[in-house]
Amino acid sequence: MTNLAEARQRLLEELGRSIRDQRVLEAMARVPRERFVPPGYQEMAYEDVPLPIGEGQTISQPFIVALMTQALRLSGAQRVLEVGTGSGYQAAILGHLARQVVTVERYADLADAARARLGELGIANVEVQVAGAKLGWPAGAPYDAIIVTAAAPAVPQGLLDQLKNGGIMVIPVGPRDHQDLLVVTKHGDRIGRRSLGGCRFVPLVGEEAWLE
Ligand code: SAH
C-alpha cells in the first residue's frame, strides 16, 4: 500500500468511530480527496484538516464533511443544493448519495476547476453553477436538502424559501470567527434548529450574508 492509501484507511477508521451512517463512510471511501487539493498538499489529503484551495478558500475537514452529510439523511432519492462548491469534494460525496446535486460557487475559476474534476471522476449527477445575485440557485428550487459550506450570520430566508416542506438544511451560523453547525428543518411555518456543535467556516458572502 502507498502512504496515501494507508492514510486514507486510517482516516476512514477514525471517522467510523463517530459517523454512524455507513453510506456516508462508503461515499467517502469512493471519492479520492487527493484529486481535490492543490498539488503541494496531496500528501496531506487524508489528514483530518481543512486545506487551502485558492482564492483564500478551503476544502473542509473530512470529519465536518461526514458530519454535515450524515445530517442530511440522504437515501439516494433526493435533490440537493450545495452553496459553496469550493474544490467540489463535498459535491462529489453528495453525488454518490443523492439523485441530483446542484452546487453553486461565487468564484468562476473554482467552479470551473470543480466541474472539471467531477467530470474526470465520472460523477454525472452534479451540476456546478456560478452564483448569481440571489443566494443559492432559485431556478432549481425546491430542494429536499440544502447544505451550506460557508458561514452565515443567520439562517438566510432566501435559502429557507428554496427548501421543500419537510426538508433539511445544514448550515454553519454565527459570528465570523466561530459558528454553530445547525441542522434546520422546515415544517410549514415551523422552523426547527439543533446544533451539531462548534465549527469554523470561511464566510458566506452576499445578500443575507456577509460583505466581502
Ligand atoms: N464545499 C467546499 C468547501 C467550501 S469553502 C469543498 O468541498 O471544497 C466555501 C466556498 O463558498 C468558497 O469557495 C466560497 O467562494 C464560496 N462562497 C462564499 N459565498 C458564497 C455564495 N454566496 N454563493 C456561492 N458560493 C459562496
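Counting of residues starts from 1 at the beginning of each chain's written sequence and follows it residue by residue. Reporting in this predicted model follows two pLDDT cut-offs: at least 70 for local features of residues, and 80 or more for side-chain atom pairs to be given and counted; totals over whole chains, interfaces and linings ignore these cut-offs and use all residues. To get the side-chain values, all heavy atoms of the structure are used, and hydrogens and water are removed first.

Chemist: Can you walk me through the pairing of strand 5 (residues 126-130) in this structure?
Modeler: Working note: regular strand, side chains alternate between the two faces of the sheet. Pairing between two strands is assigned when DSSP locates at least 2 bridges connecting them. Segments assigned H or I by DSSP are reported as helices when at least four residues long, segments assigned E as strands when at least two residues long, and all are numbered from the N terminus. Bridge count for strand 4 (residues 100-105) against strand 5 is five bridges, and the pairing is parallel. Bridge pairing in strand 5 places E105 opposite V130. Place the viewer so that the strands point away; then a crossover is right-handed whenever the path from the first strand over the helix to the second strand goes clockwise. Between the parallel elements strand 4 and strand 5, the chain passes through helix 5 (residues 108-120) in a crossover that is right-handed.

Chemist: For this particular structure, what's the right way to read unusual backbone geometry?
Modeler: Glycine aside, the phi torsion of most residues is negative, and most peptide linkages are trans. The amide bond that connects A141 to the next residue, P142, takes the cis arrangement and shows omega of 5°. Checked against the element boundaries, P142 lands in the loop between strand 5 and strand 6 (143-148). The phi torsion at R73 lies on the positive side, around 50°, for a residue other than glycine. Tracing the chain through its elements places R73 in the loop between helix 3 (62-71) and strand 3 (79-83).

Chemist: Which parts of the structure should I look at to understand the sheet that holds strand 7 (residues 163-173)?
Modeler: Sheet strands pair by backbone hydrogen bonding; their relative direction is either parallel or antiparallel. Pairing is mixed across the open sheet formed by seven strands, whose spatial order is 5-4-3-6-7-8-9. Of all strands in the sheet, those bounded by a partner on one side alone are strand 5 and strand 9 (190-199). Across the sheet, the mean angle from the axis of one strand to that of its neighbour is 15°, orientation sign disregarded. Direction of pairing for strand 3 relative to strand 6: parallel, over a ladder of four bridges. Looking at the pairing, E82 lines up with I147 of strand 6. Taken strand by strand, helix 4 (residues 89-97) contacts strand 3, strand 4, strand 5 and strand 6, and its axis lies near 175° from that of strand 3. Lines are fitted to the C-alpha atoms to define the axes, a helix being fitted only along its stretch in contact, and any angle between axes, read from their N-to-C directions, falls within 0 to 180 degrees. We call two residues contacting when some pair of their heavy atoms lies within 4.5 Å.

Chemist: Would you mind going over the site of the ligand with me for this structure?
Modeler: Taken together, 25 residues form the shell around the ligand, and within it E82, G84, S87, E105 and V205 come nearest. Any N or O atom pair separated by 3.5 Å or less is treated as a polar contact, with the protein-specific requirement of one donor-capable and one acceptor-capable atom, and with residues adjacent in sequence counted only for side-chain atom pairs. At 2.7 Å, a backbone N or O of V205 approaches a nitrogen atom of the ligand. Burial of the ligand by the surrounding chains reaches 98%, relative to a free accessible area of 580 Å². Here a cavity denotes a set of grid points, spaced 1 Å apart and computed over the protein atoms alone, in which a 1.4 Å probe fits but from which it cannot get out, and a pocket denotes an open set meeting protein on both sides within 12 Å along at least five of seven lines; residues with an atom within 4 Å of a point are reported as lining. Think of it this way: if more than half of a molecule's atoms are within 2 Å of a pocket's grid points, that molecule is in the pocket or cavity. The cavity that encloses the ligand is the largest pocket. For the shell around the ligand, the elements supplying multiple residues, two or more each, are strand 2 (57-59), strand 3, helix 4 and strand 4. At three residues, the largest contribution of residues to the shell around the ligand is made by strand 2. Gly is put with the polar residues, along with every residue not named as nonpolar or charged; the nonpolar set is Ala, Val, Leu, Ile, Met, Phe, Trp, Tyr, Cys and Pro, and the charged set is Asp, Glu, Lys and Arg. Considering only residue class, the shell around the ligand consists of 13 nonpolar, nine polar and three charged. Only a single heavy atom is needed: when it lies within 4 Å of a molecule or strand, its residue is near that molecule or strand. Reported accessibility uses the Shrake-Rupley method at a 1.4 Å probe radius. Residues are deemed covered only where the shown protein chains occlude them.

Fair warning: the whole summary comes from geometry, so function is off the table for now.
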